[in-house]
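Descriptive analysis of the structure
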Amino acid sequence: MDKLVTRIQTAAGARLADTVIKNGYVLDSYNLELVKADVAIVNGVIAGIGTFEGVEIIDAEGKYVVPSLIDAHVHIESAMVTPTEFAKAVLPHGVTTVITDPHEIANVCGTEGLSFMLEDSETVPMDIFFMLPSCVPSTSFENSGAILTAKDLKPFYKHNRVLGLAEVMDYPSVAETSDSMMQKLNDAHLHNKKIDGHAAGLDSRAINIYKAAGIDTDHECITADEALERIQRGMYVLIREGSVAKNLKQLLPAITERNARRFMFCTDDKHMNDLLNEGSVDHNIRLSIEHGLNPLLAIQMATLNAAECYGLKTKGALVPGNDADFLLLDDLESFSIAHVYRGGKLVAENGSTEGKKRPADAVMNSVHIPELTEDHLRLSVGEGKANVIEIIPNQLVTNKLNIEVDRDPNHAFMPSAKNDLMKLAVIERHHHTGNIGLGIVKGLQFKQGAIASTVGHDSHNLIIAGTNDLDMIKAAEMIEDMQGGLVVIKDQKVIGKLPLPIAGLLSDKDYRTVEKELENLDQALELIEAPTHFNPFLTLSFLSLPVIPDLKLTDLGLFDVKAFRHISITE
């Protein structure tokens, strides 16, 4: 109560503010105007906008004062660092709040993974809110490291940073009202929590079903028409610019002054080097402005819209009673960030911040794979044409091809760099099952060697693509030695690696070291003549996700997403 009294007295001018921002142009997020006014702060909260005096003065002469940014949907694990290190990387980009879905680590480590992420993010100098993974595993057509039931999730709703149920990607379970999915949805409703969607490729009838189930958001739109269809039914659309999925340019035409409040920005999945070099949702803002969106509207989408959607009542706008989370911008058009404040305290300046690491013993040693031989990787294709996964650069969706492929005299598939056809393997790594799914992929374009990763959405089994079996076997051996990570092999030698020993998803090193290791991986990719207009590792990581059309590969085999069943190579 003392803080409330102090805030009211400060607002009334009866006492000095702790801090006053003077001489800046302050964003009025509700009228979308810039006003020349002071901002008074006490106990980390804004007390008033107007004319004030304070103990500390922040001179914002010539600068713009805007709310700090909110990434409305991110998988921290995609940055391959702990929440502690993630915070250090994104704070200089103006992001002081994120809403994360830890379903990557949950697919490997279950509730222990959730607990680790909550505990590691407890004391970071930013607000990390959580949505509970709704689909672990994402489908029943693959093997993940854990299963999370409604009973497993329910205790986590008591945590003050858990906002709801994360992206519901198992549409058939919703449409068929399966008991397990209905219990998860009902629990979220009973706790008055938000429910996120994942409506990739779904038609208007399916969107009706999702919204009727109380699912309010979607970050999988790839066309303006899809976005408008969801907005029409009362959903929020999250505009994504990640490392693989880049949908902003396609979705911008859907935004008008009438519907803009239903749009937000997110990164979803973004590698550490892209976060550092390109930015987080600050990149979404800059790109939107570059393509004609009003800068104030773009900032509103990255702040107020997200705060209102997720019930963050004290965030998203610079008004009395809200947290003093704000940015000082040198320039509005280029969104050049000079200083980042959270709770009235400077947390990043001129692109740098600090923090400390935490131990992660509970989620180590998660890679268990069989010793491979060439027989394990033999892919019989018989007679006729073969079903082939064709990647689309910088997209999560793939094409399903039925084409001729090279065979040896025993009708086993022979990779062809000339025809850009490689062997793909997904090896179960959680429960010693020995499951190995084999397939053919077109479009990865590297000319020799193999690449492998334990980042394979969403079950995160070991996924390998290669031009020959011996390099693929060497890649698997190296992954097990590192207990997870990314590796590039050429002539049975390791030419690039990034160890990820925490659940096979996260590094135990600082974010700058991870950035350097990613740079070394890029150099290794050059040595196998990999393409540069898309990231082969990020593309590889989504080839095992059986909820994104058209054709994917799981540890149980080739999966036709539209038919929602496994198929044979020559079916």
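To start, this report covers the structure provided alongside it. (Residues numbered from 1 in each chain as written. Predicted model: local features only at pLDDT ≥ 70, side-chain atom pairs only at ≥ 80, totals over all residues. Heavy atoms only, no water.)

**Structural notes on the overall build of the protein chain**
The criterion, for reference: A helix here means a DSSP run of H or I that spans at least four residues, while a strand means a run of E at least two residues long, and both kinds are numbered starting from the N terminus. Radius of gyration: over C-alpha atoms. The globule rule applied is 2.2 Å multiplied by the number of residues raised to the 0.38 power. Note on classification: 1.4 Å probe, protein chains only; a residue is buried when its accessible area is under 20% of the maximum for its type, exposed when over 50%, partly exposed between these limits. Any two residues having at least one pair of non-hydrogen atoms within 4.5 Å are treated as being in contact. Only the protein chains shown count as covering a residue, and every accessible area follows the Shrake-Rupley method with a 1.4 Å probe.
A count of helical and extended segments in the protein chain gives 17 helices and 29 strands. Rg of the C-alpha trace for the protein chain: 24 Å, near the compact-globule value of 25 Å for 571 residues, within the 12% margin. Taking all 571 residues of the protein chain together, the buried fraction comes to 62%. Considering only intrachain contacts with a sequence separation of at least 6, the fraction spanning at least 24 residues in the protein chain is 69%. Counting only carbon and sulfur atoms, one obtains 47% of the accessible surface of the protein chain, whose full area is about 21100 Å².

**Remarks on helix α16 (residues 511-527)**
Formally: Expected helix span is given by 1.5 Å per residue-to-residue step, counting one fewer step than there are residues.
Here α16 contains 17 residues, and its C-alpha end-to-end distance of 25 Å stays within 8% of the 24 Å for a straight helix at 1.5 Å per residue. Residues of α16 that are buried make contact with α2 (83-90), α11 (272-277), β23 (450-453), β25 (485-490), β26 (493-499) and α17 (536-541). Just beyond α16, the residue with positive phi is Glu 529, at close to 60°.

**Focus on the sheet that holds strand β28 (residues 557-560)**
Put simply, the test is: Strands were regarded as paired on the criterion that DSSP finds at least two bridges between them.
Here three strands make up an open sheet; going across it, the order is β27-β28-β29 and the pairing antiparallel. Unpaired on one side and paired on the other, β27 (551-554) and β29 (565-566) mark the two borders of the sheet. The pairing of β27 with β28 spans four bridges and is antiparallel. When the bridges of β28 are listed, Leu 551 appears paired with Asp 560.

**Section: the sheet that holds strand β1 (residues 17-22)**
Keep this limit in mind: Every axis in this analysis is a line fitted to C-alpha atoms, fitted for helices over the stretch in contact. Angles between the N-to-C directions lie between 0 and 180 degrees.
A sheet is described by the order of its strands in space; here four strands give the open sequence β5-β4-β1-β6, paired in mixed fashion. Every interior strand has two partners, whereas the edge strands, β5 (45-50) and β6 (54-59), have only one. Neighbour-to-neighbour, the strand axes of this sheet turn through a mean angle of 25°, independent of strand direction. Of the pairings in the sheet, the one linking β1 to β6 comprises five bridges and is parallel in character. From the neighbouring strand, Thr 19 faces β6, where its bridge partner is Glu 56. Sitting on the sheet, helix α1 (residues 2-11) is in contact with β1, β4 (38-42) and β5, with an inclination near 15° to β5.

**Quick word on the packing of aromatic side chains**
What counts here: Any Phe, Tyr or Trp ring, taking Trp's six-membered ring, that has another such ring centre within 6.5 Å forms a pair; planes under 30 degrees apart are called stacked, those over 60 apart edge-to-face, and the others tilted. Geometrically, a lysine NZ or arginine CZ counts as sitting over a ring once it is within 6 Å of the ring centre and also within 35 degrees of the ring normal.
Throughout the structure, instances matching the rule amount to four aromatic pairs. Arranged with centres 5.7 Å apart and planes meeting at 55°, the rings of Tyr 171 and Tyr 210 form a pair that is tilted. Note that Tyr 171 is positioned in helix α6 (residues 171-175) and Tyr 210 in helix α8 (residues 204-212), a separation of 39 residues in sequence. Classification of Tyr 210 by relative accessible area gives buried; the value is 0%. With centroids separated by 5.4 Å and ring planes inclined at 75°, the aromatic side chains of Phe 559 and Phe 564 adopt a geometry described as edge-to-face. Classification of Phe 559 as buried rests on a relative accessible area of 0%. Above the face of the Tyr 25 ring, Lys 36 is positioned so that its terminal group lies 4.9 Å from the ring centre. One Lys or Arg, Arg 262, reaches over the ring of Tyr 236 and ends 3.9 Å from the middle of that ring.

**Re unusual backbone geometry**
Where the residue is not glycine, phi is negative for most of them; where a peptide bond is considered, it is trans in most cases. Following His 457, the chain continues into Asp 458 via a peptide bond in cis, with omega recorded as -5°. Structurally, the position occupied by Asp 458 is in the loop between β23 and β24 (462-466). Note the cis peptide between Pro 549 and Asp 550, where omega equals 0°. Not every positive phi belongs to a glycine, and Asn 23 is a case in point at roughly 70°. Take Asn 23: it is sitting in the loop between β1 and β2 (25-28). Its identity as a non-glycine residue notwithstanding, Asn 365 has a phi of 55°, on the positive side. On the basis of relative accessible area, Asn 365 is assigned to the exposed category, the value being 56%.

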